[in-house]
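One-letter residues, chain by chain:
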Amino acid sequence: MGSRERREREKELRREHILDTARDLLFRKGINAVTMNQIARNAELSVGTLYLYFTNREDLYAALQEEGLDLLHTMMKKAVSGTAGPEQKLTNVALAYLEFSQERRTYYEIFNYFLTAPDVVFPPHIKERVDEHGNRILSLVEKVLKQVLPGKPDAKALRRASLVLWSTIHGMLQFRKLQSTVLKGEDFRGLYLHAASQTLKGLMQEEG
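Residues numbered from 1 in each chain as written. Predicted model: local features only at pLDDT ≥ 70, side-chain atom pairs only at ≥ 80, totals over all residues. Heavy atoms only, no water.

Draft legend 1. Spotlight on the pattern of salt bridges. Enumeration according to the criterion identifies 10 salt bridges in this entry. Arg129 is paired through a salt bridge with Asp59; the nearest N and O atoms lie 2.9 Å apart. Remark: Asp59 occurs in helix H4 (residues 57-79) and Arg129 occurs in helix H7 (residues 124-148); sequence separation between them is 70 residues. With a shortest N-O distance of 2.9 Å, Asp131 and Lys127 are connected by a salt bridge. With Asp131 and Lys127 both in helix H7 and four residues apart, the pair spans about one turn of that helix. Look at the salt bridges and you will find they share partners, linking Asp59, Glu66 and Arg129 into a network. (Salt bridge = Lys/Arg side-chain N within 4 Å of Asp/Glu carboxyl O. Helix = DSSP H or I, 4+ residues; strand = E, 2+ residues; numbered from the N terminus.)

Rendered as structure tokens:
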């Protein structure tokens, strides 16, 4: 490895270390209690070094979301590829998100943190940037829904259907924490897929 490649690798490792530190502070303190000074101190770096990578705290936390969304997008592309029928592909989408929440739990928890925050955390230009990554995932779902929904749904109907389906599977994942109480004895995976299937059937009937 040459000196240039080594510097680039060191730079990437430092960036990952900053993001890991920021993620840990987020879960322990909440975003409103976290400052760039705290992140720098916990990462054992100077504040100036942080600003070489991120313009501010919001930019840093947006990067965490974007990183996770890009990983999820890769999983979703795989879920909707191949020769399976459209309904099976949508089942694959639900399974991919379930897998993501288990195998990439930290990123999933980042999504959940910001989705459940009472206020919009990011300024408009950063929120728009993050939303672009999320829209890429919804667009994949919309392409498959176009093959399933009857008639010729327009872009607005496809977006609405994808949001309803996505909100169902995301919402179901919130019930996973109740497996030892309310859902005791329930096959969570089966229940999760049943909710996705019933939602899809409802969307098909509604559009029909």
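Draft legend 2. Up close: the layout of surface pockets. For the largest pocket, the calculated volume is near 680 Å³. If you trace the largest pocket, you find 23 residues lining it, with Gln65, Leu115, Val130, Asp131 and Gly134 closest to the centre. Those elements giving two or more residues to the lining of the largest pocket turn out to be H4, helix H6 (105-116), H7 and helix H8 (155-174). Tallied by class, the residues present in the lining of the largest pocket amount to 15 nonpolar, five polar and three charged. Lining the second largest pocket are Ser101, Gln102, Arg105, Tyr108, Glu109, Asn112, Leu173, Gln174, Arg176 and Lys177. Contributing elements (two or more residues each) for the lining of the second largest pocket: helix H5 (86-103), H6 and H8. (1 Å grid on protein atoms, 1.4 Å probe; cavity = no way out; pocket = protein on both sides within 12 Å on 5 of 7 lines; lining within 4 Å. Points joined across faces, edges and corners; volume = space filled by probe spheres on them. Nonpolar A, V, L, I, M, F, W, Y, C, P; charged D, E, K, R; others polar.)

Draft legend 3. A look at the packing of aromatic side chains. This structure, assessed with the given rule, holds eight aromatic pairs. For the pair Tyr97 and Tyr108, a centre-to-centre distance of 6.0 Å together with 70 degrees between the ring planes defines the contact as edge-to-face. Within this pair, whereas Tyr97 is found in helix H5, its partner Tyr108 is found in helix H6, the two being separated by 11 residues in sequence. Counting every residue linked through ring pairs, the aromatic cluster contains Tyr97, Phe100, Tyr108, Phe111 and Trp166. In this arrangement the basic side chain of Arg23 is found over the ring face of Tyr107, its NZ or CZ atom lying 5.2 Å from the centre. It is Arg176 that lies over the ring of Tyr108; its NZ or CZ is 5.8 Å from the centre. (Phe/Tyr/Trp six-rings, centres within 6.5 Å; stacked < 30°, edge-to-face > 60°. Lys NZ or Arg CZ within 6 Å of the ring centre and 35° of its normal.)

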